[in-house]
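A look at the structure
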Amino acid sequence: MEQFKKIYSEYKHRVYFFVKKYVQKEEDIEDIVQEIFMHVWKHMDKAAQIPMEAIIFKTCKQEVSNFYRKNKLLFTFSEKEIITGEEETLDENSHEELISKVKRLLEKLPQKTRELFIQHTIKNISYSQLARENNLSKTAVSKQIHKALSFLRGNLH
């Protein structure tokens, strides 16, 4: 227990700010941080073989990815709503305007970022497959898709 308290006090702020770079809502950040430290608690016995910092920040990346996957933070063009964390029903005109705005914003993205984003979100191609097909790492694919999501979220509101 003492070892965990020491780890928690040493890493809690770094973990929090790491997650905050990728997630906006405070309650989501707190949930993710809690999941990270629950994982650390369960795997403390591996700390002798693997540096604790490596375990913590690998877990951070996995939990942020899980958050996006679980919450399906994707843009869907086939529904009458757009999912960006907050769902709102749109009338037909608002829906068309929103789709038009998303399309215009997508055109402003760099071509490779736009292609990766569309392939992942619209065509449901996994990061692994995109990485293989484009000769990139999964991390690079993730960063490009996150960049596109952040740009769209920032410019849609």
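All of these numbers come straight from a predicted model, not from anything done at the bench. (Residues numbered from 1 in each chain as written. Predicted model: local features only at pLDDT ≥ 70, side-chain atom pairs only at ≥ 80, totals over all residues. Heavy atoms only, no water.)

**Structural notes on the packing of helix α5 (residues 111-121) against helix α7 (residues 138-156)**
As a packed pair, α5 and α7 sit with axes 8 Å apart at the nearest point and diverge in direction by 90°. Viewed along their axes, α5 and α7 adopt a mutual orientation that is roughly perpendicular. Contact residues: Thr 113, Leu 116, Phe 117 and His 120 in α5; Gln 144, Ile 145, Lys 147, Ala 148, Leu 149 and Leu 152 in α7. Among the residues forming the contact of α5 with α7, the class breakdown is six nonpolar, three polar and one charged. (Axes fitted to C-alpha atoms, helices over the stretch in contact; angles between N-to-C directions. Helix = DSSP H or I, 4+ residues; strand = E, 2+ residues; numbered from the N terminus. Parallel < 35°, antiparallel > 145°, perpendicular 65-115°, else oblique. Contact = heavy atoms within 4.5 Å. Nonpolar A, V, L, I, M, F, W, Y, C, P; charged D, E, K, R; others polar.)

**Description of the packing of aromatic side chains**
Applying the stated criterion to the full structure yields nine aromatic pairs. Note on Phe 4 and Phe 37: the rings are 6.3 Å apart at their centroids and 85° apart in plane angle, and the pair reads as edge-to-face. Of this pair, Phe 4 sits in helix α1 (residues 2-20) while Phe 37 is found in helix α2 (residues 26-42), placing the two residues 33 residues apart along the sequence. The burial state of Phe 4 is the same as that of Phe 37; both residues are buried. (Phe/Tyr/Trp six-rings, centres within 6.5 Å; stacked < 30°, edge-to-face > 60°. Buried < 20%, exposed > 50% of the residue type's maximum accessible area, 1.4 Å probe, protein only.)

**Quick look at the nonpolar core**
Core analysis: the biggest nonpolar cluster contains 39 residues, and Val 15, Val 19 and Ile 56 have the highest contact counts within it. Mapped by element, the contributors of at least two residues to this core are α1, α2, α3 (52-71), α4 (92-108), α5, α6 (127-134) and α7. When residues of this core are assigned to their parent elements, the largest contribution, eight residues, is made by α3. Apart from the residues within four sequence positions on either side, Val 19 is in contact with Ile 29, Ile 32, Val 33, Ile 36 and Val 64. (Core = buried A, V, L, I, M, F, W, Y, C linked by side-chain atoms within 4.5 Å.)

**Describing the confidence of the model for the protein**
With 83% of its residues at a pLDDT of 70 or more, the protein has an overall mean of 79. Summarising per-element confidence for the protein, the mean pLDDT is lowest in α4 (78) and highest in α6 (90). (pLDDT = per-residue confidence, 0-100.)

**Digging into unusual backbone geometry**
In this structure, Asn 124 takes a positive phi of about 55° despite not being glycine. Within the element layout of this structure, Asn 124 appears in the loop between α5 and α6. Among the residues examined, Asn 124 registers a relative accessible area of 61% and is labelled exposed. The backbone of Asn 135 sits at a positive phi, close to 55°, despite the residue not being glycine. Secondary-structure assignment places Asn 135 in the loop between α6 and α7. You can call Asn 135 exposed: its relative accessible area is 73%.

**With respect to the pattern of salt bridges**
For the structure shown, the criterion picks out two salt bridges. Of the charged contacts in the structure, one is a salt bridge between Glu 2 and Lys 5, with a shortest N-O distance of 3.9 Å. Here the residue Glu 2 and the residue Lys 5 both occupy positions in helix α1, the gap between them amounting to three residues, near one helical turn. You can call Lys 5 partly exposed: its relative accessible area is 46%. Arg 14 is the salt-bridge partner of Glu 53, the closest N and O atoms lying 3.0 Å from each other. Of the two residues, Glu 53 is situated in helix α3 and Arg 14 in helix α1; the sequence distance between them amounts to 39 residues. Judged by its relative accessible area of 35%, Glu 53 falls in the partly exposed class. (Salt bridge = Lys/Arg side-chain N within 4 Å of Asp/Glu carboxyl O.)

**Brief notes about α1**
Taking 1.5 Å of rise per residue, the 19 residues of α1 would be expected to cover 27 Å, and the 27 Å separating its terminal C-alpha atoms lies within 8% of that figure. By the largest-angle criterion, Tyr 11 marks the main kink of α1, which is about 50°. Listed in full, the buried residues belonging to α1 are Phe 4, Ile 7, Tyr 11, Val 15, Tyr 16, Phe 18 and Val 19. Those residues of α1 that are buried lie in contact with α2 and α3. (Expected span 1.5 Å × (residues − 1). Bend = angle between axes of the 7 residues up to and from the residue.)

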